[in-house]
Every structure is written in C-alpha cells, then in structure tokens.
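# Understanding the architecture of this molecule
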Amino acid sequence: MATGLRPNTDGVSPPSLRFGYGTNGLADLRLDDALGLLADLGYDGVGLTLDHMHLDPLAPDLAARTRRVAHRLDALGLGVTVETGARYVLDPRRKHGPSLLDPDPDDRARRVDLLLRAVRVAADLGAHAVHCFSGIVPDGTDEDTAWKRLTEALTPVLDAAGTAGVPLAVEPEPGHLLATLADFHHLRRTLGDPGPLGLTLDLGHCQCLEPLPPADCVRDAAPWLRHVQIEDMRRGVHEHLPFGDGEMDFPPVLAALAATGYQGLTVVELPRHSHAGPHFAAHSLPFLRHAATQAAAFAAPAPASTSSVPAAPHGDPSATPEGSSTP
C-alpha cells in the first residue's frame with residue numbers, strides 16, 4: 001500500500017516516538033512479570049491499567065505498593081502512563097460501572113474517587129498522564145443531563161490533576177457520551193479550557209469513526225495530545241486488532257504523530273488478547289519500529305521508499321482466538 005506521504009527535503013527529522021504496551025493486554029501476568037517482559041522486549045514504557053491484578057487501586061497500602069512499582073519501573077528504565085479503563089474494578093456485575101454519568105450521585109462519586117486515586121498514583125510513579133473516559137449515557141438520561149454530570153464529576157479530578165502536575169487525558173470512546181474529537185472539544189469549551197485537561201487519542205478509534213483520516217486527526221489534536229493508544233482497526237467496526245489485521249496505514253499516522261513533537265508514550269492497546277499477551281507484545285514492537293522507520297524516512301532528505309509495512313507474524317499460538325471476540 002502507498003503511504004500517501006511525500007519526502008521532506010528540509011533535512012530535519014521529527015522526534016523519535018516512544019512505544020509502550022498496555023497491561024490490560026497482559027492480564028494473565030503478574031505486574032512484576034509484565035514489566036520485566038516489556039523491558040526485555042525493548043519497550044520504552046507501559047500503559048498501567050489500575051486493576052485487581054495490577055496495582056489494585058482499592059486494596060490496602062496503595063501508597064507503599066505504588067512506591068515498589070515506581071522503583072521497579074525506574075530499575076527497568078520504563079516510562080508509564082496510568083489508565084483507568086479496567087472492566088470490573090468498581091463493580092463485579094457491571095463492565096466499566098459505575099461511570100461518571102450514573103444517575104446515582106454516590107455511584108458517580110465512586111468513579112471520581114477512583115480517578116482521584118489514579119492521579120495520586122500517577123504523581124507517585126512520575127507518569128506523564130492519567131487516562132479516563134466518560135462512560136455510556138444511561139438509559140433514560142438525556143444528553144444535556146449527561147454532559148452536566150460529566151463536567152461536574154471531572155471538576156475535582158482536574159483540580160487534583162493540576163495540583164499534582166499530571167494532566168488528565170480524556171479518551172473519546174465509541175459508543176460513549178464523549179465519542180469523538182468534536183465531543184472532546186465540546187467538553188473542553190464547557191469547562192473553560194482548563195490547563196490540566198488533555199486528550200487521549202486512540203488511533204484505531206480515528207480509523208473506526210472519525211470523519212478525517214487518522215493522520216489528520218493527529219494533526220488536529222496536537223495541541224491537546226497527552227496520551228496515545230495504538231492498534232489496528234477497520235472502518236466502522238470498534239474491534240482492537242493486532243497489527244496487520246485491520247485497515248490502518250501506519251507510516252503516515254506515525255509521521256504525523258512524530259511531527260507534533262509529542263513526548264509521551266504511544267501504547268499498544270490489545271485488551272482482548274491477554275490470552276496470548278506475551279506473543280502479541282513480542283510481535284507488536286518490531287512492526288511499530290518498522291513503520292516508524294518508514295515514517296521517519298519522509299523527514300529525511302534522501303528519497304523514501306513507499307513500500308508497504310509487512311504484516312507482523314501475529315498468528316494466534318492458541319487454538320481458538322477467543323480474545324478477539326470477547327466483549
């Protein structure tokens with residue numbers, strides 16, 4: 001496939017990208033083992049999802065456990081961002097529940113408390129951002145009410161993030177109240193464009209439902225970009241896929257991302273593939289590095305190749321790819 005890029009002849013290369021892998025795609029590993037694996041594979045960092053198996057945010061002695069993780073990250077030379085998308089961390093019966101949009105104010109407060117804990121963890125780890133999302137609009141709730149709940153719930157979290165010096169990076173999530181980049185800008189304007197508010201951009205989501213191509217989404221989002229997630233995806237289908245299984249053309253996207261000067265992690269997001277997490281972690285990084293090399297060639301004065309990025313040998317080593325179809 002053609003990259004759609006033209007070589008840049010100014011001789012200035014964009015900054016190199018830093019790749020990480022999300023622990024929500026390594027849920028069958030102990031956190032210490034997952035971090036060691038990622039360091040051994042050559043990743044620059046980790047997207048750490050706070051969950052019962054990985055730095056449980058609700059268990060006792062959170063501060064002490066966080067300090068141990070911080071020491072481990074430092075010893076391994078891994079950067080970190082803190083993610084809060086664990087499925088059942090607050091309620092064993094409701095995936096991602098309760099949310100910031102729940103009708104019950106006490107339930108909304110539980111989600112706010114989780115985000116406040118995540119901000120403290122992120123500050124103690126030296127994380128570059130805390131990720132979150134809005135949640136699905138509950139049945140019987142009109143959108144105006146949902147937006148009001150979201151802005152009220154995020155206000156104390158943004159205050160805490162500002163005090164801690166860690167940006168809160170809200171992710172547009174398909175099917176949620178805040179589903180698109182346009183929705184993020186609506187939130188930003190409604191809140192008065194607070195400094196601690198940033199954006200998590202999932203590049204696959206851009207492929208899935210944004211009106212602009214992913215590379216254009218990156219350029220438009222650049223001023224607010226605080227965290228990036230990456231995977232393959234098809235147009236109109238919200239399914240996180242291993243690299244090579246979707247429709248993404250990665251060199252143009254990575255070139256656009258590098259050109260923004262983004263300094264955070266770009267984290268592989270394959271939460272439904274934990275059944276073979278080490279396998280996908282091992283094969284994702286070479287794919288991304290190859291794509292990034294092709295992207296960087298377009299900032300160099302020498303003629304650049306337009307050959308396609310080869311699909312990673314990501315075939316599932318297990319008999320049944322159950323991770324790709326689990327809700």
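Residues numbered from 1 in each chain as written. Predicted model: local features only at pLDDT ≥ 70, side-chain atom pairs only at ≥ 80, totals over all residues. Heavy atoms only, no water.

On to the side chain of histidine 54, then. Summarising the element assignment, histidine 54 is placed in the loop between β2 (45–49) and α2 (62–76). On the basis of relative accessibility, which here comes to 1%, the residue histidine 54 falls in the buried class. At 2.7 Å, the side chain of histidine 54 forms a polar contact with the backbone oxygen of leucine 29. With residues up to four places along the chain from it excluded, the contact list for histidine 54 reads Thr23, Leu26, Ala27, Leu29, Arg30, Leu31, Leu48 and Thr49. (Helix = DSSP H or I, 4+ residues; strand = E, 2+ residues; numbered from the N terminus. Buried < 20%, exposed > 50% of the residue type's maximum accessible area, 1.4 Å probe, protein only. Polar contact = N/O pair within 3.5 Å; in protein donor to acceptor, adjacent residues only side chain to side chain. Contact = heavy atoms within 4.5 Å.)

Within the chain, residue pLDDT values average 88, and 86% of them lie at 70 or more. For residues 300–327, every residue scores under 50 in pLDDT, and the model assigns this stretch 58 contacts once sequence neighbours within four places are set aside. (pLDDT = per-residue confidence, 0-100.)

Before going further, it helps to spend a moment on the pattern of salt bridges. One pass over the structure, following the stated rule, counts ten salt bridges. Notably, a salt bridge pairs aspartate 91 with arginine 94, separated by 3.1 Å at the nearest N-O pair. Classification of aspartate 91 by relative accessible area gives buried; the value is 13%. The exposure class of arginine 94 is partly exposed, given its relative accessible area of 32%. Of the charged contacts in the structure, one is a salt bridge between arginine 110 and aspartate 107, with a shortest N-O distance of 3.6 Å. One end of the pair is arginine 110 and the other is aspartate 107, both in helix α3 (residues 105–125) and three residues apart, which spans about a single turn. Given the relative accessible area of 33%, arginine 110 is considered partly exposed. Given a relative accessible area of 18%, aspartate 107 falls into the buried group. A single network of salt bridges, built from pairs that share partners, joins Asp91, Arg94, Asp102, Asp107 and Arg110. (Salt bridge = Lys/Arg side-chain N within 4 Å of Asp/Glu carboxyl O.)

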